[in-house]
Amino acid sequence: FVNLRLICQDIVTDVQSTIGSLHTLIFGAELMEPVYIDVALIKRAVSNLVTNAVKYSPPHSEVNINLWTQEDDVVVEVNDIGIGIPAAEQKYLFQPYFRASNVENMINGTGLGLRIAQDSVKLHGGRIEVESQVGQGTTFRIFLPRTQQGQPDETSENLLLESTVISLDEETDL
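Bear in mind the structure is a predicted one, so any value in this text is a computation, not a measurement.

**Examining the overall build of the chain**
- Looking only at helices and strands, the chain features four helices and five strands.
- Taken from the N to the C terminus, the helices and strands of the chain come in the order α-β-α-β-β-α-β-β-α.
- Buried positions account for 44% of the 174 residues belonging to the chain.
- Across the chain, contacts joining residues at least 24 apart in sequence account for 69% of those joining residues at least 6 apart.
- Approximately 9200 Å² of the chain is accessible, and the part contributed by carbon and sulfur atoms is 51%.

Given below as structure tokens:
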């Protein structure tokens, strides 16, 4: 069992030190009990959402990261006032190599980060939801069960890598 609040705080501190004053990261969290998670997998998922929020937001804007409990879940929310994602394309966000049409050639990326984040969260029995409007910003929410349901085991990392490799092999046009 680990303190997800401390993990999120570490991510915010690490990202803020990397970006300097280019953006302001604001972290808020209620006190909560420790949760059973694979730290590496969830840290990767949350880090991806935070760095994406920074990458797709205008300079000197705020990115909000919040953590709370809601019924049977722990929720990690990352909210930005960035470029947003076209509504018709949101259903494709978690497909390997997908990049929204409003970023394809403007901002570097592989189109794999959200898929890896989703796989990491699913291995815990959780889910990721997104709300976005072009020109208004995006909110991602990770929902993780507060109980040990879907708890990761020693094979979690291998399952994630296997699913990613399969996705890479199926989608590669090289």
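**Quick word on the nonpolar core**
- Ranked by internal contacts, the top residues of the largest apolar core, which has 39 residues, are L4, L25 and I142.
- When contributions to this core are tallied by element, the ones reaching two or more residues are α1 (4–19), β1 (24–29), α2 (39–55), β2 (62–70), β3 (73–80), α3 (113–122) and β5 (137–145).
- In this structure I142 touches A45, V46, L49, V74, V75, V76, V121, R127 and I128, once residues within four positions along its chain are discounted.

**Points about the packing of α2 against α3**
- Viewed as axis vectors pointing N to C, α2 and α3 meet at an angle of 145°, and their least axial separation amounts to 8 Å. Note that α2 runs across α3; the crossing there is left-handed. Each of L41, I42, R44, A45, N48, L49 and N52 in α2 lies in contact with α3, whose residues at this interface are G113, L114, I116, A117, S120 and V121.
- Here the residues of the contact of α2 with α3 are counted per class, giving eight nonpolar, four polar and one charged.

**A closer look at the pattern of salt bridges**
- Enumeration over the complete set of coordinates arrives at six salt bridges.
- The residue D119 makes a salt bridge to R115 at a minimum N-O spacing of 3.3 Å. In this pair, D119 and R115 are both assigned in helix α3, four residues apart and thus about one turn of the helix distant.
- For R115, a relative accessible area of 21% gives the class partly exposed.
- Its salt-bridge partner being R141, residue E131 comes within 2.9 Å of it at the nearest N-O pair. Remark: R141 occurs in strand β5 and E131 occurs in strand β4 (residues 127–133); sequence separation between them is 10 residues.

**Describing the packing of aromatic side chains**
- One pass over the full model with this rule turns up two aromatic pairs.
- Pairing F1 with Y36 gives two aromatic rings, centres 5.6 Å apart and planes at 70°, and the pair type is edge-to-face. One end of the pair, F1, is in the segment before α1; the other, Y36, is in the loop between β1 and α2, with 35 residues separating them in the sequence.
- Ring centres of Y92 and F98 lie 5.8 Å apart, and the angle between their planes is 40°; on these two criteria the pair is classed as tilted.
- The ring of F143 is capped by R127, whose NZ or CZ atom sits 4.0 Å from the centre of that ring.

Scoring rules and cut-offs
- For every chain, the first residue of the written sequence is number 1, and numbering continues from 1 along that sequence.
- Restriction of local features to residues with pLDDT of at least 70 applies here, the model being predicted, together with a cutoff of 80 or more for giving and counting side-chain atom pairs; totals for whole chains, interfaces and linings are based on all residues.
- As a rule here, side-chain values come from all non-hydrogen atoms in the structure, and water together with hydrogens is ignored.
- Comment: elements are numbered from the N terminus, with helices defined as DSSP H or I runs of at least four residues and strands as E runs of at least two.
- Categorising residues by exposure relies on relative accessible area from a 1.4 Å probe, with only protein chains included: less than 20% of the type maximum marks a residue as buried, more than 50% marks it as exposed, and the intermediate range marks it as partly exposed.
- Contact between two residues is taken to exist if any of their heavy atoms lie within 4.5 Å; hydrogens are not considered.
- Computed with the Shrake-Rupley method and a 1.4 Å probe, the accessible areas treat only the protein chains shown as cover for residues.
- Buried Ala, Val, Leu, Ile, Met, Phe, Trp, Tyr and Cys residues form a nonpolar core when they are joined through side-chain atoms within 4.5 Å.
- The axes are straight lines fitted to the C-alpha atoms, using for helices just the contacting stretch, and the angles between their N-to-C directions are given from 0 to 180°.
- For a crossing to be left-handed, the near helix must be turned anticlockwise from the far one by less than a right angle; the clockwise case is right-handed.
- In the scheme used here, Gly and all other residues not listed as nonpolar or charged are polar, with Ala, Val, Leu, Ile, Met, Phe, Trp, Tyr, Cys and Pro taken as nonpolar and Asp, Glu, Lys and Arg as charged.
- Salt bridges are identified by distance alone: a Lys or Arg side-chain nitrogen within 4 Å of an Asp or Glu carboxyl oxygen.
- Note on ring pairs: Phe, Tyr and Trp rings are taken, using the six-membered ring of Trp, and paired if centres are within 6.5 Å. Classes follow the plane angle, with under 30 degrees stacked, over 60 edge-to-face and the rest tilted.
- Look at NZ for Lys and CZ for Arg. If either is within 6 Å of the ring centre and within 35 degrees of the ring normal, a charge sits over the ring.

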